[in-house]
Amino acid sequence: MRVLVTGACGFIAKNLIVRLNEEKKYTILEFNREDPIESLSDLVSQSDVIVHLAGENRPKDISSFKKVNADLTKTICDEIKAISRKILFILASST
């Protein structure tokens, strides 16, 4: 099973990745803020499960909050919708 973890450099995501790797039955795909948004489409298409942990809690610029939280989530949902198979989507949010 291929699991895409967004926010892969964050505390929760890093620990989730460690735990999933212990099971040895998952292939982990990672997406973080340094990755180009263009790579997301390919990652989503490869995924069986997406654990969306990316988020901005204390942005320096308020526009970052919308870009990272709402816009990224919408982009992921749009990519899932474009795929002709079901992908489990798990969203964690602090709001």
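Residues numbered from 1 in each chain as written. Predicted model: local features only at pLDDT ≥ 70, side-chain atom pairs only at ≥ 80, totals over all residues. Heavy atoms only, no water.

### Here we look at the overall build of the protein chain
Put simply, the rule is: Where helices and strands are cited, they refer to DSSP runs of H or I of at least four residues and of E of at least two residues respectively, numbered from the N terminus. Atoms considered for the radius of gyration are the C-alpha atoms alone. The globule rule reads 2.2 Å times the number of residues to the power 0.38. Each residue is placed in one exposure class: buried if its accessible area under a 1.4 Å probe, protein chains only, is under 20% of its type's maximum, exposed if it is over 50%, and partly exposed if it falls in between. Contacts are residue-level and defined by heavy atoms, with any inter-residue pair within 4.5 Å sufficient. The positive count covers Lys and Arg only, the negative count covers Asp and Glu only, and His and the chain ends enter neither. Where a charge sits is defined by one atom per residue type, namely NZ (Lys), CZ (Arg), CG (Asp) or CD (Glu).
Of the regular secondary structure elements, the protein chain holds three helices and four strands. Listing the helices and strands of the protein chain from first to last along the sequence gives β-α-β-α-β-α-β. Whereas a compact globule of 95 residues would reach a radius of gyration of roughly 12 Å, the protein chain reaches 13 Å, a difference of no more than 12%. In terms of its C-alpha atoms, the protein chain occupies a principal-axis envelope of roughly 40 × 30 × 25 Å. Out of the 95 residues belonging to the protein chain, those deemed buried represent 31%. By sequence separation, contacts in the protein chain at least 24 residues apart represent 66% of the contacts at least 6 residues apart. In the protein chain, 14 positive and 13 negative side-chain charges are present, and the distance between their average locations comes to 5 Å.

### A closer look at the sheet that holds strand β3 (residues 49-52)
The line we're drawing: Here a strand pair is declared whenever DSSP counts at least two bridges between the two strands. Axes here mean lines fitted to C-alpha atoms, for a helix over just the part in contact, with angles spanning 0 to 180 degrees between N-to-C directions.
Reading across the sheet, the four strands line up as β2-β1-β3-β4 and stay open at both edges, with parallel pairing between neighbours. Of all the strands in the sheet, the pair left with one neighbour each is β2 (27-31) and β4 (88-91). Adjacent strand axes in the sheet meet at a mean angle of 15 degrees, parallel and antiparallel pairs treated alike. As paired elements, strand β1 (residues 2-6) and β3 share four bridges and run parallel to each other.

### With respect to the nonpolar core
What counts is decided by this rule: The criterion is simple. A nonpolar core is a set of buried Ala, Val, Leu, Ile, Met, Phe, Trp, Tyr and Cys residues joined through side-chain atoms within 4.5 Å.
Counting twelve residues, the largest nonpolar core consists of Leu-4, Leu-29, Phe-31, Leu-40, Leu-43, Val-44, Ile-50, Ala-54, Leu-72, Ile-76, Ile-80 and Ile-87. Contributing elements (two or more residues each) for this core: β2, α2 (39-46) and α3 (62-82). Apart from residues lying up to four places away in sequence, Ile-80 is in contact with Val-44, Ile-50, Ile-87 and Phe-89. Core analysis: the next-biggest nonpolar cluster, separate from the first, contains nine residues, Val-3, Ala-8, Leu-20 and Val-51 among them.

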